[in-house]
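A closer look at the structure
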Amino acid sequence: MTSGPHIPQERRLVTAIPGPKSQEWLARRSEATSAGLGMAIPVFVAQAGGGVIVDIDGNSIIDMAAGIATVNVGNSADRVVENVIAQVQSFTHTCFTVAPYSGYVEVCEALNRMAPGTFKKKSLLVNSGAEAVENAVKIARAYTKRAAVVVFEHAYHGRTNLTMAMTAKNIPYKEGFGPFAPEVYRMPMAYPYRWLGDKNNVAQEALDMVLHKIEKEIGAHNVAAIVIEPIQGEGGFVVPPKGFLPGLAAFAKANGALFIADEVQTGFARTGKMFAVEDEGVEPDIVVTAKGIGGGLPLGGITGRAEVMDAAVVSGVGGTFGGNPVACAAALGAFATIEEDGLAAKAAHMGEIIGAALAKMKEKYAIVGDVRGRGAMQALELIIPGSDEPNTKAMQDAVKYCQQHGVLVLTAGTYSNVIRLLPPLVMPDALLIEALGILDDALAAASA
Ligand code: PLZ
């Protein structure tokens, strides 16, 4: 069977979406699985690779989601598959804290090398983004001997108890799930499109507000860490204007707090650089990773200054599956693919195509209020024409149109009005351009 990157790179619809076979499985899904699980597109997957997902009815759908910025190297990328097969044939698990293995160390060495900053770094591996964020906070608290964690409006950091507290949006992420962890403080986000002050001075105004609030409401000397996504993901691809991230990092440094970049969604070449913070030369004390790290296998990383990462007591961090050998083998295959195939440059190239197309859509359609993002991480924010009121219906209509025409796009945003694009970085240009054409048609239809 042809698989992974070798399946035909084409949009092909042979049934309505969902087709009859997917409909059968959708019925079984609703009988068997928790009603609390969402679903972006109602088709069941048979194969995926390059820039497409093929469903069990034979439809080939252009994948503008990459499993939420996870298969940056594409599904079943050759080096990932080879490494995984070799690893499962050798051993599948010993637990790194029981009997160690080289793959874990190699992944940490690679993360220490790739993460920004020339200072000595060390890493720790876990199973997911949320677990990585939690461990970053644990380590920051152990190192600083302080409790307070600063987070931002529109932030998303996960679904565990601490990370729910750190996540901004109530429905769906928090509704009914409290009480939440204490000592988490939410600050204004530099969100240019919705900034109420001087739109030409958003970074400075937001920074002034944040630093004032930290001083007055927490006390800078109580802050263990400032945690921020360099470009916010689930919150709607909010890009803080130049100066905001360096300003926060400088404040953290001056006050003995740690600056933690949550690069779970932005990391591994997604925005045109290995990590999004590199855009402004920011060197976080800790970089948190997951998603794109493992070519689709579950893995998360915490990479930071050696002295910070060594602050946890022995056996204070770890876990049964963290840094599983198969996931580590996959990650080494994904890193090789990203570096040897120049996927950061590819993401920047895709960003030019996407940016130009989205700018045209903004000119053409009054429902497009804002376009933003970087590299292969860009989005449209939809509004009621003539206002800045969020237009959730237009978003839903456009997404549905795309699905019915064989293109998978994801939504986002605190106001549920953002369409976000996260294609695999190995998608051929022609397919990307085709998907953007469908999205343009979808906006025309949603405008009518
Ligand atoms: N930090 C910045 O984007 C995961 C969530 C999908 P996990 N975002 C996708 C969903 O609806 O659950 C994410 C993120 C940022 C942390 C996380 C959490 O990563 O691997 O999903 O735990």
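Residues numbered from 1 in each chain as written. Predicted model: local features only at pLDDT ≥ 70, side-chain atom pairs only at ≥ 80, totals over all residues. Heavy atoms only, no water.

Some points on the overall build of the chain
On a plain count of helices and strands, the chain comes out with 13 helices and 15 strands. Since a compact globule built from 448 residues should have a radius of gyration of about 22 Å, the 21 Å found for the chain is in line with a globular shape. Principal-axis analysis of the C-alpha atoms places the extent of the chain at approximately 60 × 60 × 45 Å. Across the chain, contacts joining residues at least 24 apart in sequence account for 73% of those joining residues at least 6 apart. Of the roughly 18100 Å² that the chain leaves accessible, carbon and sulfur atoms contribute 55%. Charged side chains of the chain number 37 positive and 45 negative; the gap between the two group centres comes to 2 Å. (Helix = DSSP H or I, 4+ residues; strand = E, 2+ residues; numbered from the N terminus. Rg over C-alpha atoms; globule rule 2.2 N^0.38 Å. Contact = heavy atoms within 4.5 Å. Areas by Shrake-Rupley, 256 points an atom, 1.4 Å probe, with all protein chains shown as cover. Lys, Arg positive; Asp, Glu negative; His and termini not counted. Charge placed at Lys NZ, Arg CZ, Asp CG, Glu CD.)

Looking at the domain arrangement of the chain
Domains assigned within the chain are domain 1 (20-63 + 342-447) and domain 2 (79-340). Taking only C-alpha atoms, the centre of domain 1 and the centre of domain 2 are 26 Å apart. On the domain 2 side, the residues contacting the 32 residues of domain 1 number 29 residues. Residue Glu 234 is joined to Arg 420 by a salt bridge in which the shortest nitrogen-to-oxygen separation is 2.8 Å. At the surface where domain 1 touches domain 2, the tally comes to 20 residue pairs in polar contact (both at pLDDT 80 or more). (Domains from an automatic or database assignment. Salt bridge = Lys/Arg side-chain N within 4 Å of Asp/Glu carboxyl O. Polar contact = N/O pair within 3.5 Å; in protein donor to acceptor, adjacent residues only side chain to side chain.)

Notes on the sheet that holds strand E7 (residues 223-228)
With respect to topology, 7 strands assemble into an open sheet ordered E4-E10-E9-E8-E7-E5-E6, the strand pairing being mixed. Strands at the two margins of the open sheet, each flanked by one partner only, are strand E4 (121-126) and strand E6 (184-187). On average, each strand axis in the sheet is tilted by 20° relative to the strand beside it, whichever way the strands run. Along the sheet, helix H4 (residues 102-114) contacts E4, strand E9 (286-289) and strand E10 (300-305); its crossing angle with E4, the most-contacted strand, is approximately 130°. Along the sheet, helix H8 (residues 244-254) makes contact with strand E5 (148-152), E7 and strand E8 (258-262), crossing E7 at roughly 165°. (Pairing = 2+ DSSP bridges. Axes fitted to C-alpha atoms, helices over the stretch in contact; angles between N-to-C directions.)

Observations regarding the packing of aromatic side chains
How two aromatic rings sit relative to each other is set out by the distance from centre to centre and by the angle between their planes. For the coordinates displayed, the defined rule picks out 9 aromatic pairs. With 3.7 Å between their ring centres and 5° between their planes, Phe 96 and Tyr 104 make a pair best called stacked. With a relative accessible area of 8%, Tyr 104 lands in the buried category. Ring geometry for Tyr 156 against Tyr 173: centres 4.8 Å apart, planes inclined by 70°, an arrangement best described as edge-to-face. Of this pair, Tyr 156 sits in the loop between E5 and helix H6 (161-166) while Tyr 173 is found in the loop between H6 and E6, placing the two residues 17 residues apart along the sequence. There is no split in this pair, since Tyr 156 and Tyr 173 are both buried. The ring of Trp 25 has Arg 28 lying over it, and the distance from NZ or CZ to the ring centre is 4.0 Å. Positioned above the aromatic ring of Tyr 415, the side-chain terminus of Arg 194 is 4.9 Å from the ring centre. (Phe/Tyr/Trp six-rings, centres within 6.5 Å; stacked < 30°, edge-to-face > 60°. Buried < 20%, exposed > 50% of the residue type's maximum accessible area, 1.4 Å probe, protein only. Lys NZ or Arg CZ within 6 Å of the ring centre and 35° of its normal.)

Examining helix H5 (residues 129-144)
Between its first and last C-alpha atoms H5 spans 22 Å; for 16 residues at 1.5 Å apiece the expected length is 22 Å, and the two agree. Looking at H5, one finds that the buried residues are Gly 129, Ala 130, Ala 132, Val 133, Asn 135, Ala 136, Val 137, Ile 139, Ala 140 and Thr 144. At the N-terminal boundary of H5, the capping side chain belongs to Ser 128, with an oxygen 3.1 Å from the backbone nitrogen of Glu 131. (Expected span 1.5 Å × (residues − 1).)

Quick notes on the site of the ligand
With respect to spatial proximity, 14 residues lie near the ligand, and among them Gly 129, Arg 159, Asp 262, Gln 265 and Lys 291 are the closest. Measuring from a nitrogen atom of the ligand, one finds a side-chain N or O atom of Glu 234 at 3.2 Å. When isolated, the ligand has an accessible area of 510 Å², and the protein chains bury 81% of it. Grouping the amino acids of the shell around the ligand by side-chain chemistry returns 4 nonpolar, 5 polar and 5 charged. (Near = heavy atom within 4 Å. Nonpolar A, V, L, I, M, F, W, Y, C, P; charged D, E, K, R; others polar.)

Brief notes about the pattern of salt bridges
Under the counting rule described, the total for this entry stands at 17 salt bridges. Taking the shortest distance from any N to any O, the salt bridge between Lys 122 and Asp 310 comes out at 3.0 Å. Separated by 188 residues along the polypeptide, Lys 122 in strand E4 and Asp 310 in the loop between helix H9 (306-309) and helix H10 (325-340) bring together distant segments of the chain. Residue classification places Asp 310 among the partly exposed positions, given a relative accessible area of 44%. Put simply, Asp 397 and Lys 393 hold a salt bridge, and the shortest N to O gap is 2.7 Å.

Some words on the side chain of Asn 391
Relative to the assigned elements, Asn 391 resides in the loop between strand E12 (377-382) and helix H12 (392-404). Here Ile 383 takes part through its backbone oxygen, which lies 3.1 Å from a polar atom of the side chain of Asn 391. Sequence-distant contacts of Asn 391, that is, excluding residues within four places in its chain, are made with Ile 367, Leu 382, Ile 383, Ile 384, Pro 385 and Asn 417.

Some details on the pairing of strand E1 (residues 45-49)
For a regular strand, side-chain orientation follows a simple rule: the groups alternate between the two sheet faces. Strand direction decides the pairing type here: E1 and strand E2 (residues 52-55), joined by 4 bridges, are antiparallel. Across the sheet, Gln 47 pairs through a bridge with Val 54, a residue of E2. Where E1 hands over to E2, the hairpin turn is made up of 2 residues, of which Gly 50 adopts a positive phi near 60°.

Quick notes on the nonpolar core
Residues Phe 152, Ile 214, Phe 244 and Ile 419 are the most contacted members of the largest nonpolar core, which totals 125 residues. A total of 9 residues in this core trace back to one element, the largest contributor, which is helix H13 (residues 429-447). Residues within four places of Phe 244 in sequence aside, it is in contact with Phe 152, Pro 188, Met 189, Ala 190, Ala 203, Ala 206, Leu 207, Val 210 and Ile 228. Within the second largest apolar cluster, 17 residues are counted, among which are Ile 41, Ile 231, Phe 237 and Leu 422. (Core = buried A, V, L, I, M, F, W, Y, C linked by side-chain atoms within 4.5 Å.)

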